[in-house]
Amino acid sequence: PAHRDRFARLLERHGVTAFVCGHTHGYSRVRRNGVWHIDVAQARGEPQDAFLNVIVTPAVARFEVWRDVEGRGRFSLADRWAATSRRP
């Protein structure tokens, strides 16, 4: 917990909009203290795989999550949202 909390404070202090990680076998996103924590799961061609597209402009970051819920290589849009920049 001490390392996790220190890392979270570092992200907040530097105005980070989003932190992306993976390899947990499940997609999720949560916003903590203004920072999006995005877990894109895995991308190995298995059911529930996900890919994340991030489109960044000076004013906004747009996120799109594509998932293959049937494991057949047919990805469809599963989630989409945008976050305004935390930097001035």
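Whatever comes next refers back to the structure up there.
We now turn to the structure provided with this report. Being a predicted model, the structure only gives us computed values, none of them experimental.

## A closer look at the overall build of the protein chain
Thinking step 1. A count of helices and strands for the protein chain gives one helix and six strands.
Thinking step 2. Order of helices (α) and strands (β) in the protein chain, N terminus to C terminus: α-β-β-β-β-β-β.
Thinking step 3. Within the protein chain, buried positions represent 28% of all 88 residues.
Thinking step 4. Across the protein chain, every contact between residues at least 6 apart in sequence was considered, and the portion connecting residues at least 24 apart equals 26%.
Thinking step 5. Taken as a whole, the protein chain presents about 6100 Å² of accessible surface, with 53% of it coming from carbon and sulfur.

## Quick look at the sheet that holds strand S5 (residues 60–68)
Thinking step 1. Pairing within the open sheet is antiparallel, and its three strands lie in the order S4-S5-S6. Bordering the open sheet on either side are strand S4 (49–56) and strand S6 (76–84), each of which pairs with just one other strand. Each neighbouring strand pair of the sheet contributes to a mean axis angle of 15°, computed without reference to strand direction.
Thinking step 2. Of the pairings in the sheet, the one linking S5 to S6 comprises eight bridges and is antiparallel in character. Residue pairing for S6: valine 60 is matched across the bridge by threonine 84.

## Here we look at unusual backbone geometry
Thinking step 1. Positioned with a positive phi, asparagine 33 is a non-glycine residue whose angle comes to about 50°.
Thinking step 2. Relative to the helices and strands, asparagine 33 is located in the loop between strand S2 (27–32) and strand S3 (35–40).
Thinking step 3. With a relative accessible area of 58%, asparagine 33 lands in the exposed category.

## Focus on helix H1 (residues 2–13)
Thinking step 1. With 12 residues, H1 ought to run about 16 Å at 1.5 Å a step, and its terminal C-alpha atoms sit 16 Å apart, in line with that.
Thinking step 2. Downstream of H1 by one or two residues, glycine 15 has phi in the positive range, about 70°.

## Some details on the nonpolar core
Thinking step 1. Counting residues in hydrophobic clusters, the biggest one holds 10 residues: Tyr27, Trp36, Ile38, Val40, Ala50, Ala61, Phe63, Val65, Trp81 and Ala83.
Thinking step 2. Every element with two or more residues in this core is listed here: S3, S5 and S6.
Thinking step 3. Apart from residues no more than four positions distant in its own chain, alanine 83 is found in contact with Thr17, Trp36, Ala59, Val60, Ala61 and Phe63.

## Concerning the side chain of aspartate 79
Thinking step 1. Inspection of the secondary structure assignment puts aspartate 79 in strand S6.
Thinking step 2. Its relative accessible area of 16% is what places aspartate 79 among the buried residues.
Thinking step 3. At a separation of 2.7 Å, a polar atom in the side chain of aspartate 79 contacts the side chain of arginine 29.
Thinking step 4. Filtering out sequence-adjacent residues up to four positions away, aspartate 79 remains in contact with Tyr27, Arg29, Phe63, Glu64 and Val65.

Conventions and cut-offs
- Residues numbered from 1 in each chain as written.
- Predicted model: local features only at pLDDT ≥ 70, side-chain atom pairs only at ≥ 80, totals over all residues.
- Heavy atoms only, no water.
- Helix = DSSP H or I, 4+ residues; strand = E, 2+ residues; numbered from the N terminus.
- Buried < 20%, exposed > 50% of the residue type's maximum accessible area, 1.4 Å probe, protein only.
- Contact = heavy atoms within 4.5 Å.
- Areas by Shrake-Rupley, 256 points an atom, 1.4 Å probe, with all protein chains shown as cover.
- Pairing = 2+ DSSP bridges.
- Axes fitted to C-alpha atoms, helices over the stretch in contact; angles between N-to-C directions.
- Expected span 1.5 Å × (residues − 1).
- Core = buried A, V, L, I, M, F, W, Y, C linked by side-chain atoms within 4.5 Å.
- Polar contact = N/O pair within 3.5 Å; in protein donor to acceptor, adjacent residues only side chain to side chain.

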